[in-house]
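Here are the chains, one letter per residue:
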Amino acid sequence: MPENQNQNPEAGLPISKIRAGKVSKYAIPHFVAPLDETPLHGVDAVKETGKPLSMWAEAWRSLRKRPLFIISALLIILVIAIAAIPGVFSAVDPRFCDLQFSNEGASAGHPMGYNFQGCDVYARAIHGTRASLMVGIFTTLFVVLLGGTIGALAGFYGGWLDTILARLGDIFFALPMVLGAIIVMQLPAFRDNKSVWTVIVTLSIFGWPQVARITRGAVLEARNADFVKASRALGLSRGKSLVKHVIPNAMAPVIVVATVNLGVYIVAEATLSFLGLGLPFEVMSWGNDISSAQSQLRNNPMMLMWPALFLSVTVLSFIMLGDAVRDALDPKSRKGN
Amino acid sequence: MLAFTLKRFLQLIPVFIGATLLVYFLVFATPGDPISALSGGKPMTPAVESALRAQYNLDQPFWVQYGLYLKNLVTLDLGMSFSGQEVRDLLARAFPVTARLAVMALAIEAVFGIFFGVIAGMRKGKAFDSTVLILSLIVIAVPTFVLGFVLQFVVGVKLEWAKPTVSGGAGWGELILPAVVLGLVSFAYVLRLTRTSIIENKQADYVRTATAKGLSRGRVINVHILRNSLIPVVTFLGADLGSLMGGAIVTEGIFNVPGVGNLLYRAILKGETPTVVAVVGVLVIVFVLANLIVDMLYALLDPRIRYA
């Protein structure tokens, strides 16, 4: 009586027993071989309950096992802590300078010695962290917001916006960042109000085309994916499908570039300060300290080396973080999963 | 190929006009009166002052100034610097020095970057690879001017292997140390790019075929893998030539190289529009031409790419 199967007279019995053909109380007119005893859920490796891991969760799982990531993350946390509460890391007043200690070496309580003016090099490096880190973080933020928005719109909608962006990008690419920043820092609005913020704005002006190009490329790739077409077919408007589906799937390369660039912007600030065009002299920053150390290089090379070391380690940890994130987001290079 | 080259030359025009216009405007908007700075801020007779202003077109509104500049440019007249020298002559003196410096830096980063990149890529995950990767990150993280000072101090002052600063002639030998400093950061990028590209390509089917048909390992690496891995590297090198020339400001300052960067830096501080715009214009042309050459090299490296 095969037509009865649809009504499932064995409802309520465990599925493995039904499969095994053991407990049917109906007479079966033909021979049915006993089935395998293994229960279904035992074979299935895929968990049916719960959502599958998203790209980000999977990347995080592989990321937190990487030594490169752990080291760089710890260093970045340390640098952020120094920038937030410098007083905890150095009890010495960085603005208290005594000329009798000029260019003196390390002594108790002053592990990195004194600079030409007799200020404590360690205290100045600790208190200079904030300015450098602020330039890096806020420039990255502005560049990603501006470049990301313009790049995403150009990549998604194409047309005249895309054309203008391509030409504008060409013009900005032809001007090296430091060169352009030097000229902008000479403008009256910038030269008379020299501060951390003018440096941030200047670097953002010349930094956004790069991020815009990368976002555009990533959005172009994601725009034609099947799931975006499906969302449109289900009646989502273009704008909503851009925000909900395209952008989250185009974020990976932008995040990687932003992390690496954060370090690059810190170096750019130091370069501008070195040329005398970056932060004003009163602001304590690694760039300013390196710049004022260059005239004393032959008498007291460590005066240059310490702030340079702080700067390089910070930049290095952001670049390493970007590297680790890139590897984690790239399924091809992910090991062990 | 000819049509493609022509099209790219035409594309150069808007980029050139856009970049020079931008720079012209920025320098124009910079305060400070260059003419009164000429006399050291002391008063000048009005007749002399207005004659000077007329000579540099400073009495004209912005658009007229820029238009006159472009008009003169067609006849290769780049204007005069405020100290009365032809910008053309200044450029003719400074440009070869920077070109020499940039070409040397490019050669250093290309040769060493590709060489170490190939070795690291072929030994992915081994000790050599990890060491080179970490070292390249450190090179990227240390600012150029710190590297410059340290190398100048160690090699030039302590060890006395090279002269710490460059003389007026700026010959090839003197420029080795500045070129190393200039090319070091890009060397790290070239190395990493080559390594990634090699790793991607070394598992390709054509590599297995080449090995299977009995080619030597050297030939497989140098001819099959390397040639296919070079496209991203060549792209980077092409774009880098332009930024090396523009970015030489810092290196030229440290080693006192009488090049374009030095000229530009002093001109910016003086508000000398003709010089700044001329130098930036030349840099833009170099940048775009280098990218054009890169596009043509693609066809050489990858026979599938053809410009009809």
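Residues numbered from 1 in each chain as written. Chains lettered and ligands numbered in written order. Predicted model: local features only at pLDDT ≥ 70, side-chain atom pairs only at ≥ 80, totals over all residues. Heavy atoms only, no water.

## Thoughts on the overall build of chain B
(1) Moving on: Each helix and strand in chain B was counted, giving 13 helices and zero strands.
(2) Moving on: Listing each helix as α and each strand as β along chain B from the N terminus yields α-α-α-α-α-α-α-α-α-α-α-α-α.
(3) Moving on: Residue burial in chain B is summarised as follows: out of 308 residues, 49% are buried. (Helix = DSSP H or I, 4+ residues; strand = E, 2+ residues; numbered from the N terminus. Buried < 20%, exposed > 50% of the residue type's maximum accessible area, 1.4 Å probe, protein only.)

## A closer look at the UniProt feature "transmembrane region" (unreviewed entry) in chain B
(1) Moving on: Look at the UniProt record and you will see "transmembrane region" (unreviewed entry) annotated at residues 12–30, 101–120, 132–155, 175–193, 229–255 and 275–301 of chain B.
(2) Moving on: Helix makes up 100% of residues 275–301 of chain B and strand 0%, with an end-to-end C-alpha separation of 39 Å. (UniProt positions renumbered as here; feature names shortened; annotations may be inferred.)

## Regarding a nonpolar patch on the surface
Residue and element names in this part refer to chain A.
(1) Moving on: A contiguous nonpolar surface patch, about 460 Å² in accessible area, is contributed by Met55, Trp56, Val243, Ile247, Met251 and Ile255.
(2) Moving on: When contributions to the nonpolar patch are tallied by element, the ones reaching two or more residues are helix H3 (55–63) and helix H13 (238–274).
(3) Moving on: Of all the elements, H13 adds the most residues to the nonpolar patch, at four residues.
(4) Moving on: For Trp56, a relative accessible area of 36% translates into the label partly exposed. (Patch = residues over 30% accessible without salt bridge, like charges linked within 9 Å, V, L, I, M, F, W, Y side chains within 5 Å. Areas by Shrake-Rupley, 256 points an atom, 1.4 Å probe, with all protein chains shown as cover. Salt bridge = Lys/Arg side-chain N within 4 Å of Asp/Glu carboxyl O.)

## A word on helix H10 (residues 217–246) of chain B
(1) Moving on: Along its 30 residues, H10(B) runs 40 Å from first to last C-alpha, staying within 8% of the 44 Å computed at 1.5 Å per residue.
(2) Moving on: At Leu226(B), H10(B) shows its largest kink, close to 50°. (Expected span 1.5 Å × (residues − 1). Bend = angle between axes of the 7 residues up to and from the residue.)

## A word on the interface of chain B and chain A
(1) Moving on: Listed per partner, the contact involves 40 residues of chain B and 36 residues of chain A.
(2) Moving on: Counting each side, the surface lost to burial between chain B and chain A is near 3,500 Å², with a carbon and sulfur contribution of 82%.
(3) Moving on: Seen at the junction of chain B and chain A, the total is one salt bridge.
(4) Moving on: Between Arg192(B) and Asp323(A) there is a salt bridge whose closest N-O contact spans 2.3 Å.
(5) Moving on: Taken together, the elements giving at least two residues each to the side of chain B that touches chain A come down to helix H1 (2–29), helix H6 (127–141), helix H7 (144–158), helix H8 (176–201), H10, helix H11 (248–255), helix H12 (260–270) and helix H13 (273–301) of chain B.
(6) Moving on: Here the element with the most residues in the side of chain B that touches chain A is H1(B); it accounts for nine residues.
(7) Moving on: Here the residues of the side of chain B that touches chain A are counted per class, giving 34 nonpolar, five polar and one charged. (Contact = heavy atoms within 4.5 Å. Buried area = accessible area lost by both parts, 1.4 Å probe. Nonpolar A, V, L, I, M, F, W, Y, C, P; charged D, E, K, R; others polar.)

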